[in-house]
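An overview of the molecular structure
These are the residues of each chain, in order.
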Amino acid sequence: MKKPVFILASPNSADGELSPMSIGRIERAVQLQQIQPDVVLLATGGFGDHFNTSNTPHRELVHQCLLNRGAAIDRATPADLLSANTVEDVWMIIAFAQKRGWADYGVVTSSSHWKRCRYIFECLDPTARVDFFAADDSANLDDAIGKHE
């Protein structure tokens, strides 16, 4: 059985260039998939003033990068997982996993963000069985992004 692993949304530029934080999360997810071939990757993220003002949903930018790296992905439907913040990420992941009958799954986020993310999961669905995978934070992490995370 495939193990779903969600890559949480992170910033990209107005022209759709993924941030070092996004690339770090993608690299961590691809590394995980290389170690565990049963992993299938999904990305979250729609639009938001603080992370994506481009014309393309963040998750589509991530999916394209994953495909370019040869990763196995699950695109879901165009309306799925279009979150605007971490709380929406978590709500949408929980609902998506329940709809598909997935009892356990993984989440890739940044090392500066995983504790906050885990806390939100615990608050919204204390019974969820979630494995967290932390990507290294970029050495040039923008102060505003770091505070936000």
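Above: the structure in question.
Residues numbered from 1 in each chain as written. Predicted model: local features only at pLDDT ≥ 70, side-chain atom pairs only at ≥ 80, totals over all residues. Heavy atoms only, no water.

Looking now at the sheet that holds strand E2 (residues 39-43). Pairing is parallel across the open sheet formed by four strands, whose spatial order is E2-E1-E3-E4. Of all the strands in the sheet, just E2 and strand E4 (129-135) have a single pairing partner and so form its edges. If you compare each strand with its neighbour and ignore which way they point, the axes differ by 25° on average. Relative to E4, strand E3 (residues 104-110) runs parallel, the two sharing seven bridges. What sits directly across from Gly106, in E4, is Asp131. Its contacts with the sheet place helix H2 (residues 58-68) against strand E1 (3-7) and E2, and it is angled at close to 145° to E2. (Pairing = 2+ DSSP bridges. Helix = DSSP H or I, 4+ residues; strand = E, 2+ residues; numbered from the N terminus. Axes fitted to C-alpha atoms, helices over the stretch in contact; angles between N-to-C directions. Contact = heavy atoms within 4.5 Å.)

Each aromatic ring pair is described using two quantities: the centre-to-centre distance and the angle formed by the ring planes. Scanning the entire structure with this criterion turns up six aromatic pairs. Taking 6.3 Å as the distance between ring centres and 50° as the angle between the ring planes, the aromatic pair formed by Tyr105 and Phe121 counts as tilted. With a gap of 16 residues between them, Tyr105 in strand E3 and Phe121 in helix H4 (residues 114-124) connect regions that are remote in the sequence. (Phe/Tyr/Trp six-rings, centres within 6.5 Å; stacked < 30°, edge-to-face > 60°.)

To continue, consider the state of the cysteines. Note: disulfide means a covalent bond formed between the sulfur atoms of two cysteine side chains. Here the structure, examined in full by the defined rule, presents zero disulfides. This cysteine, Cys123, is not joined by any disulfide, and Cys117 carries the nearest cysteine sulfur, 11 Å off. (Disulfide = S-S within 2.5 Å.)

Counting residues in each nonpolar core, the largest one holds 17 residues, and the members touching the most others are Ile7, Ile26, Leu41, Val62 and Leu66. Every element with two or more residues in this core is listed here: E1, helix H1 (20-35), E2 and H2. In this view, Ile26 contacts Leu18, Val62, Cys65, Leu66 and Arg69; residues no more than four positions away in its chain are not counted. Core analysis: the second largest hydrophobic core is formed by 16 residues, Leu81, Ile93, Phe96 and Ala97 among them. (Core = buried A, V, L, I, M, F, W, Y, C linked by side-chain atoms within 4.5 Å. Buried < 20%, exposed > 50% of the residue type's maximum accessible area, 1.4 Å probe, protein only.)

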